[in-house]
There are 4 protein chains.
Amino acid sequence: MSSDDDSDQAIDAGGILYHERLTRTLSRIFQVNRVLYAGRTKYQRIEVVDTPDFGKMLILDGKVQFSLRDEFIYHESLVHPVMFTHPSPEEVLIIGGGDGGALKEVLKHNIVKNVTLVDLDEEVMDIVKKYVPEMFKDSLKDPRVKILNMDGRKFLAETKNKYDIIIIDVTDPFGPSTLLYTKEFYQLVNNALKDGGAMVTHSEGMYSSRKEFVTIYKTIETVFRNTRAYGAFIPSFGDAWTFTIASNTLDPANMDVKVIEKRMKERHVETQFYYPEMHKVLFTLPKDLLKDLKEMKVTISTDKSPVQMPA
Amino acid sequence: MSSDDDSDQAIDAGGILYHERLTRTLSRIFQVNRVLYAGRTKYQRIEVVDTPDFGKMLILDGKVQFSLRDEFIYHESLVHPVMFTHPSPEEVLIIGGGDGGALKEVLKHNIVKNVTLVDLDEEVMDIVKKYVPEMFKDSLKDPRVKILNMDGRKFLAETKNKYDIIIIDVTDPFGPSTLLYTKEFYQLVNNALKDGGAMVTHSEGMYSSRKEFVTIYKTIETVFRNTRAYGAFIPSFGDAWTFTIASNTLDPANMDVKVIEKRMKERHVETQFYYPEMHKVLFTLPKDLLKDLKEMKVTISTDKSPVQMPA
Amino acid sequence: MSSDDDSDQAIDAGGILYHERLTRTLSRIFQVNRVLYAGRTKYQRIEVVDTPDFGKMLILDGKVQFSLRDEFIYHESLVHPVMFTHPSPEEVLIIGGGDGGALKEVLKHNIVKNVTLVDLDEEVMDIVKKYVPEMFKDSLKDPRVKILNMDGRKFLAETKNKYDIIIIDVTDPFGPSTLLYTKEFYQLVNNALKDGGAMVTHSEGMYSSRKEFVTIYKTIETVFRNTRAYGAFIPSFGDAWTFTIASNTLDPANMDVKVIEKRMKERHVETQFYYPEMHKVLFTLPKDLLKDLKEMKVTISTDKSPVQMPA
Amino acid sequence: MSSDDDSDQAIDAGGILYHERLTRTLSRIFQVNRVLYAGRTKYQRIEVVDTPDFGKMLILDGKVQFSLRDEFIYHESLVHPVMFTHPSPEEVLIIGGGDGGALKEVLKHNIVKNVTLVDLDEEVMDIVKKYVPEMFKDSLKDPRVKILNMDGRKFLAETKNKYDIIIIDVTDPFGPSTLLYTKEFYQLVNNALKDGGAMVTHSEGMYSSRKEFVTIYKTIETVFRNTRAYGAFIPSFGDAWTFTIASNTLDPANMDVKVIEKRMKERHVETQFYYPEMHKVLFTLPKDLLKDLKEMKVTISTDKSPVQMPA
């Protein structure tokens with residue numbers, strides 16, 4: 001989020017802007033160099049814009065999904081903690097993730113035998129492939145990869161496969177993603193995990209949507225034995241973002257740095273943000289957040305009464 | 001940054017806003033519930049506004065200085081790492097800090113014998129005392145406290161006192177603070193430290209002004225034996241904020257958690273954000289930042305050519 | 001709307017702004033020098049702000065009501081055409097007009113014997129008196145003036161007085177003003193007029209709310225024999241504003257310039273915007289507006305189904 | 001400027017916006033449905049955007065040049081008053097006007113024998129032709145039309161032709177248009193007029209740039225015998241816009257309505273905004289503007305010290 005090109009028009013000179021609401025009462029305004037795509041898919045509004053501060057950005061229903069400048073922070077934070085916690089993550093399922101970012105990180109683990117990516121919105125994938133080819137790179141040519149364009153929840157309900165790792169990378173609890181943050185959904189996830197498996201989901205903004213975060217965390221906690229939250233600041237989100245890993249056997253918060261180091265080497269994983277010492281750091285949350293995780297009263301998210309982002 | 005009062009007008013309904021430029025090409029727009037004060041002191045533009053997302057905020061020359069909702073993150077991050085690194089911080093000097101936040105945290109250490117706060121702008125202090133009394137609380141009645149309204153650099157050049165800890169909490173390198181980020185300034189700081197002493201300064205946004213951060217860091221490095229950077233996400237700043245501790249003897253990045261635990265107990269320090277495990281976490285920086293700290297080419301900031309925020 | 005003070009911060013430097021929505025998809029952003037008042041009365045949200053472009057502005061429920069820089073255009077356009085059309089406007093009723101602007105213009109006509117101003121919201125009047133004393137000036141000391149704080153429609157339904165001129169200067173058809181733009185309301189107005197009397201109302205933006213304008217015009221037409229629309233550009237409204245005069249006998253659009261000249265002199269009326277030649281000009285509407293007045297299909301506004309501004 | 005499509009996202013939902021600065025301290029924010037083109041020509045920044053309020057808009061260097069929804073008001077106001085004032089406008093020169101709007105109106109006068117359009121920026125013309133074909137329609141196939149892409153001032157200095165009417169439709173006095181508002185320029189225009197000819201130029205916003213308007217008006221007055229200003233509210237400009245006609249023989253402000261009526265019929269000119277009665281109305285200016293035209297002190301714009309829009 002630094003505007004390194006001196007030729008950029010300052011924001012005040014007039015021009016094309018992108019307006020993102022962070023909360024009902026707080027917005028960000030990005031100067032836009034170029035609108036690469038703006039339209040609607042069958043499921044959502046979609047824009048791809050190029051900005052001085054973050055490079056190309058994918059925006060769905062008005063919320064930034066990633067920026068090229070810092071997607072590595074988000075996607076490495078989402079994928080590697082759970083992948084390195086697992087000793088042998090061979091079968092991986094990604095629910096959502098149609099922008100290719102999680103897929104790219106998963107494929108870095110040479111131990112992975114196959115990855116199934118189930119994303120509802122084929123158009124989003126096509127638009128990203130066309131306008132932000134940096135995201136998928138050669139992932140789609142990788143023989144380990146299988147893409148399905150269907151409802152992720154429906155897939156989970158019907159599949160007979162089991163996975164070592166399930167990565168949930170869907171839009172905020174709103175519109176098409178509403179039922180992907182409920183107890184019933186996480187039970188389907190649990191059923192689709194092999195013994196010794198683990199899931200991870202992003203779980204909303206640490207400050208901009210703390211109540212939603214705590215709700216998601218506590219909902220997951222009703223389903224799994226070990227539930228661990230962590231967070232990382234994502235500049236293009238304007239907030240520290242939370243993630244939640246859940247497993248019935250593994251505990252990502254108590255990993256030995258040496259073990260992660262060894263696994264990174266063995267699997268030949270190269271990163272820009274994550275490294276073994278960072279792993280533990282991610283799980284060390286601010287004291288006030290720990291307090292809220294203990295004390296905040298929330299209602300468990302269920303299909304009948306799902307957690308929802310305020311309009 | 002969550003708008004918990006349902007009666008807040010949504011930002012779109014029209015009304016009073018606060019516009020903060022984060023970079024030349026990225027802005028934030030806060031809905032404003034109330035403008036408590038807006039004016040100019042002898043040195044700078046000043047506003048105190050109350051917002052749904054962050055409560056009361058102090059803004060100097062268009063940049064948020066603190067919000068009541070999260071000032072504890074900033075001020076605890078600024079003060080406690082250096083204070084707990086020092087075994088016996090009895091004499092403390094604060095340069096700037098006219099909002100009272102750093103002072104409040106320093107005074108929590110019962111080992112402190114006296115604190116001198118040197119801030120140029122008496123009017124800022126008066127406005128904070130009047131409109132945000134939560135900041136100073138009873139600090140000014142504490143007999144250990146001495147307030148001087150004068151130029152901090154002039155004070156350093158003239159004082160014959162020596163301090164265990166010097167905390168620099170001044171506005172961004174711009175306007176009245178331009179010469180408080182140069183090699184010459186840090187030499188004055190070094191001269192004013194006792195043997196075994198340490199300084200800390202905030203050192204700009206981790207992402208929004210990375211080049212300025214690296215410049216400040218490397219400038220400090222030319223003066224002190226140990227220079228250590230760390231960072232914490234400050235929601236009301238919209239960025240992870242960096243801090244730099246420097247000392248010729250102490251090393252805050254290699255503190256034993258047990259030692260911090262012991263010192264926190266002995267000194268009876270209560271916090272909302274910081275805790276012993278968090279200390280080390282703060283110093284574990286993202287890999288891409290470590291790379292920039294090593295490789296980014298910057299020009300050391302000197303009185304002749306000081307680092308400056310882009311207009 | 002020219003920023004004549006060179007010391008004004010440019011809008012881009014950050015600071016306090018006022019955001020007004022002109023339509024659902026078009027906004028104006030005013031830099032604010034000072035917020036003089038911001039709060040809620042019993043009936044509406046109210047702000048008084050001072051801006052570089054328009055000086056002090058009164059804003060109710062997010063819509064600019066007047067600015068000191070150009071209120072003369074609005075209030076002269078509202079008051080003088082109907083007042084000069086009438087040969088002897090001695091008894092005048094103002095419904096709304098709590099900001100004092102219409103009253104000030106009416107009192108310029110020395111032929112006026114008494115003016116009754118009926119405004120629901122006493123607090124608005126008090127705030128204007130305190131923060132924008134330029135509006136009422138000495139009007140309230142004028143023995144011809146009588147102020148009533150009550151619902152204007154209730155007043156009309158109950159009063160036994162008759163008036164030469166009734167001036168309706170209320171907020172947009174929304175919230176407390178919803179039932180002040182219906183057929184039933186205009187019938188009450190008609191009943192309260194003396195023979196030979198006339199009413200005037202502002203009737204919304206010529207471009208920003210054309211459909212509402214045509215609706216109001218055609219609703220009035222169902223009640224009175226002569227209905228005449230006119231318009232004037234009001235810079236602080238960002239639109240040409242329409243007004244509608246209705247009478248069973250008088251026709252403001254066919255006034256002889258000489259007659260107006262004579263009446264202006266006799267009544268000693270001094271103005272800044274309006275003058276005899278301008279009178280006719282105001283009633284000469286753009287061709288496309290004439291077309292819409294003829295052809296646009298609208299539903300007459302009634303108490304059961306009143307015209308309303310879109311949210 | 002009414003958002004007639006109910007499916008438009010409200011401005012607050014986040015999305016692509018266009019920010020236009022009206023003055024240093026007042027901005028407009030348009031929601032954008034589609035960015036049709038955004039780039040730079042050799043001379044200026046250019047955007048073509050589609051907005052709910054105004055349809056397609058052409059924007060040069062951050063200033064709206066026209067919108068499809070109301071370009072007829074601007075272009076009819078620019079072209080017809082001068083064209084109908086002249087009894088026989090056969091040879092017409094347009095300086096600027098690369099968007100085709102003035103050309104379209106001129107060609108409606110069947111009495112015109114040839115029109116030469118001289119616009120510096122060929123790329124603007126090409127972009128308008130491609131993205132807003134509604135503007136040129138079939139103008140470019142009209143055998144009376146000749147297009148030259150060169151500097152208008154250079155053309156005037158070199159041409160040996162004389163014209164009945166010269167229409168100046170260039171961007172604001174800024175950048176490439178700076179020397180198209182000076183005394184020396186108007187002398188070139190005067191030299192290129194036939195006896196009995198007349199020129200017209202737009203002359204900036206009536207309120208947003210009154211000083212620039214008065215300066216341009218008074219500069220033209222130093223060159224021609226008759227100089228007449230008039231104005232019309234252009235919704236997409238957010239201001240009443242001024243125009244100035246100058247001639248050594250003709251006087252547009254004293255035209256007989258019957259004559260205009262006759263000429264409109266003879267020449268078969270169809271319009272949407274302008275009509276004979278409107279002609280005189282346009283020249284009847286607000287009293288406060290007449291006062292400024294008499295009393296405001298301005299410096300005549302010359303090549304050495306040209307009038308310029310404030311940055």
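One numbering rule holds for all chains: residues counted from 1, following each sequence as written. Working convention: letters from A go to chains and numbers from 1 go to ligands, in the order in which they are written. This being a predicted model, a pLDDT of at least 70 is required before a residue's local features are given, and a value of 80 or more before pairs of side-chain atoms are given or counted; all residues contribute to the totals for chains, interfaces and linings.

Draft legend 1. The overall build of chain A, seen in detail. Counting from the N terminus, the helices are the DSSP runs of H or I reaching at least four residues and the strands are the DSSP runs of E reaching at least two. Counting secondary structure elements, chain A contains nine helices and 13 strands. Taken against the 2.2 N^0.38 rule, which gives 19 Å for 311 residues, the C-alpha radius of gyration of chain A at 19 Å falls within 12% of a compact globule. Seen through its C-alpha atoms, chain A measures out along the principal axes to roughly 55 × 45 × 40 Å. In chain A, which comprises 311 residues, the proportion classed as buried is 58%. If you take every contact in chain A between residues at least 6 apart in sequence, the share linking residues at least 24 apart comes to 67%. Here the globule rule reads 2.2 Å times residues to the power 0.38, and the radius of gyration is calculated from C-alpha atoms. A residue is called partly exposed when the number of other C-beta atoms within 10 Å of its own lies between 12 and 20, exposed at 12 or fewer, and buried at 20 or more, with C-beta atoms placed from the backbone. Contact between two residues is assigned whenever their backbone-derived C-beta positions fall within 7 Å.

Draft legend 2. How the structure looks around the domain arrangement of chain A. Residues and elements named next belong to chain A. Domain parsing of chain A yields domain 1 (12-65) and domain 2 (71-295). Residue ranges for the domains originate in an automatic or database domain assignment. Summarising the inter-unit geometry, the C-alpha centres of domain 1 and domain 2 are found 24 Å apart. Listed by partner, the interface residues are 20 residues for domain 1 and 18 residues for domain 2. Every element with two or more residues in the side of domain 1 that touches domain 2 is listed here: β1 (15-23), β3 (34-40), β4 (45-51), β5 (55-60) and β6 (63-67). If you tally residues by element for the side of domain 1 that touches domain 2, the top one is β5, at four residues. As a working rule, the residues Ala, Val, Leu, Ile, Met, Phe, Trp, Tyr, Cys and Pro are called nonpolar, Asp, Glu, Lys and Arg charged, and the rest polar, with Gly in that last group. Counted by class, the side of domain 1 that touches domain 2 contains 11 nonpolar, four polar and five charged residues.

Draft legend 3. Local environment of helix α7 (residues 257-267) of chain D. Residues and elements named next belong to chain D. Turning to α7, its buried residues are I260, R263 and M264. Axial view of α7: buried residues confined to an arc of 100°, hence all on one face. Among the exposed residues of α7, those oriented more than 90 degrees off its buried face are K258, K265 and E266. For α7, the secondary structure elements touched by its buried residues are α1 (71-85) and α8 (276-282). Our arc is simply the arc of the directions from the helix axis toward the C-beta atoms.

Draft legend 4. Quick peek at the sheet that holds strand β8 (residues 114-118) of chain C. Residue and element names in this part refer to chain C. Strand pairing follows a simple DSSP-based rule, namely that at least 2 bridges must link the two strands. Ordered by their spatial adjacency, seven strands build an open sheet running β9-β8-β7-β10-β11-β13-β12, and the pairing between neighbours is mixed. The open sheet terminates on both sides in strands that have one partner only, identified here as β9 (145-148) and β12 (226-234). The average angle at which neighbouring strand axes cross in this sheet is 15°, direction not considered. As defined by bridge partners, strand β7 (residues 91-96) adjoins β8 across five bridges and the pair is classed as parallel. Note on β8: the bridge partner recorded for E91 is N114. The angle between two axes is taken between their N-to-C directions and runs from 0 to 180 degrees, where each axis is a line fitted to C-alpha atoms and a helix contributes only its stretch in contact. Against the sheet, helix α1 (residues 71-85) touches β10 (163-169), β11 (193-205), β12 and β13 (239-247), its axis set at about 20° to β13. Against the sheet, helix α6 (residues 210-221) touches β11, β12 and β13, its axis set at about 165° to β11.

Draft legend 5. Layout of the interface of chain C and chain D. Taken together, the contacts link 40 residues of chain C with 41 residues of chain D. Looking at the side of chain C that touches chain D, the elements with two or more residues in it are β1 (15-23), β2 (26-31), α6, β13, α8 (276-282) and α9 (287-295) of chain C. Looking at the side of chain C that touches chain D, the element that brings in the most residues is β2 of chain C, giving six residues. In the side of chain C that touches chain D, the residues fall into 17 nonpolar, 12 polar and 11 charged. Bridge count between β2 of chain C and strand β2 (residues 26-31) of chain D: five bridges; the pairing is antiparallel. Across the sheet, residue S27 of chain C finds its bridge partner in β2 of chain D, namely I29 of chain D.

Draft legend 6. The relation of the copies chain C and chain D, seen in detail. When chain C is brought onto chain D, the operation consists of a screw motion whose angular component is 180° and whose axial shift is 0.0 Å, with 0.0 Å RMSD remaining. Both chain copies can therefore be described as sitting about a two-fold axis. By C-alpha distance to the rotation axis, the residue of chain C lying nearest is R28 of chain C, at 2.3 Å. A shared binding surface is used by both copies, with 100% of the interface residues of chain C retained as interface residues in chain D. In this comparison the copies share one frame, found by least squares on the C-alpha atoms of residues holding pLDDT of at least 70 in both.

Draft legend 7. Region of interest: the environment of P52 of chain C. All names here are of chain C. Among the structural elements, P52 can be located in the loop between β4 (45-51) and β5 (55-60). Judged by C-beta crowding, with 23 C-beta atoms within 10 Å, P52 ranks as buried. Residues P52 and T302, spaced 250 residues apart in sequence, show a C-alpha to C-alpha distance of 41 Å.

Draft legend 8. A look at the nonpolar core. Working definition: the nonpolar core is a set of buried Ala, Val, Leu, Ile, Met, Phe, Trp, Tyr and Cys residues, joined through C-beta atoms within 7 Å. Judged by nonpolar contacts, the single largest core of 372 residues is most densely connected at I166 of chain A, I166 of chain B, I166 of chain C together with I166 of chain D. Discounting chain neighbours no more than four positions away, the residues touching I166 of chain D are L93, I95, V189, A192, L193 and M199 of chain D.

Draft legend 9. Main features of the pairing of strand β11 (residues 193-205) of chain D. Residues and elements named next belong to chain D. Counting buried positions along β11 yields 10 of 13 residues, so the element is predominantly enclosed. Across five bridges, strand β10 (residues 163-169) lies against β11 in parallel orientation. The partner of I166 across the bridge, within β11, is M199. You can see the chain leave β10, run along helix α5 (residues 183-191) and come back into β11, and the turn it takes is right-handed. With six bridges connecting them, β11 and strand β13 (residues 239-247) associate as antiparallel partners. Bridged to T201 within β13 is T244. Seen with its strands pointing away from the viewer, a crossover is right-handed if its path from the first strand over the helix to the second goes clockwise.

Draft legend 10. Geometry of the environment of V257 of chain D. All names here are of chain D. You can see V257 is positioned in helix α7. Its 13 C-beta neighbours within 10 Å are what place V257 among the partly exposed residues. With residues near it in sequence (within four places) discarded, V257 still touches P276, E277, H279 and K280.

Draft legend 11. Inspection of the sheet that holds strand β8 (residues 114-118) of chain B at higher detail. All names here are of chain B. Sheet architecture is open: seven strands sit in the order β9-β8-β7-β10-β11-β13-β12, paired in mixed fashion. The sheet terminates laterally at β9 (145-148) and β12 (226-234), the two strands that pair on one side only. Put simply, the sheet's adjacent strands are angled 15° from each other on average, direction ignored. Here β12 runs beside strand β13 (residues 239-247); their pairing, made up of nine bridges, is antiparallel. From the neighbouring strand, A229 faces β13, where its bridge partner is T244. Contacts between helix α1 (residues 71-85) and the sheet are confined to β10 (163-169), β11 (193-205), β12 and β13, with β13 contributing the most and set at about 20° to the helix.

Draft legend 12. Summary view of the confidence of the model for chain A. Residue and element names in this part refer to chain A. Looking at chain A, the pLDDT average stands at 94 and 96% of residues meet or exceed 70. Values of pLDDT, which run from 0 to 100, indicate the predictor's confidence residue by residue. Here residues 3-8 is a poorly scored stretch, pLDDT under 50, and it has 11 contacts once near neighbours within four places are set aside; other chains count. Overall fold confidence (pTM) sits at 0.93, and the ipTM for the predicted complex is 0.92.

Draft legend 13. Structural context of α1 of chain B. All names here are of chain B. Between the first and last residue of a helix there are one fewer steps than residues, each counted as 1.5 Å, and that sum is the expected span. In a regular helix each residue adds 1.5 Å, so 15 residues correspond to 21 Å; α1 covers 22 Å between its end C-alpha atoms and thus fits that length. Two axes enter the bend calculation: one fitted to the seven residues ending at the residue in question, the other to the seven starting there, and the bend is the angle between them. Of all the bends in α1, the greatest, near 30°, is centred on S77, and the proline P81 appears no more than four residues after it. The buried fraction of α1 is high, at 15 of 15 residues.

Draft legend 14. Quick look at the environment of K218 of chain D. Residue and element names in this part refer to chain D. You can see K218 is positioned in helix α6 (residues 210-221). Look at K218 and you get buried, because 20 C-beta atoms sit within 10 Å. Separated by 79 residues in the primary sequence, K218 and K297 have C-alpha atoms spaced 9.9 Å apart. Excluding anything up to four places from it in sequence, K218 contacts V298 and I300.

Draft legend 15. Looking closely at unusual backbone geometry. One non-glycine residue, H268 of chain C, lies in positive phi territory at about 60°. Tracing the sequence through the fold places H268 of chain C in the loop between α7 (257-267) and α8.

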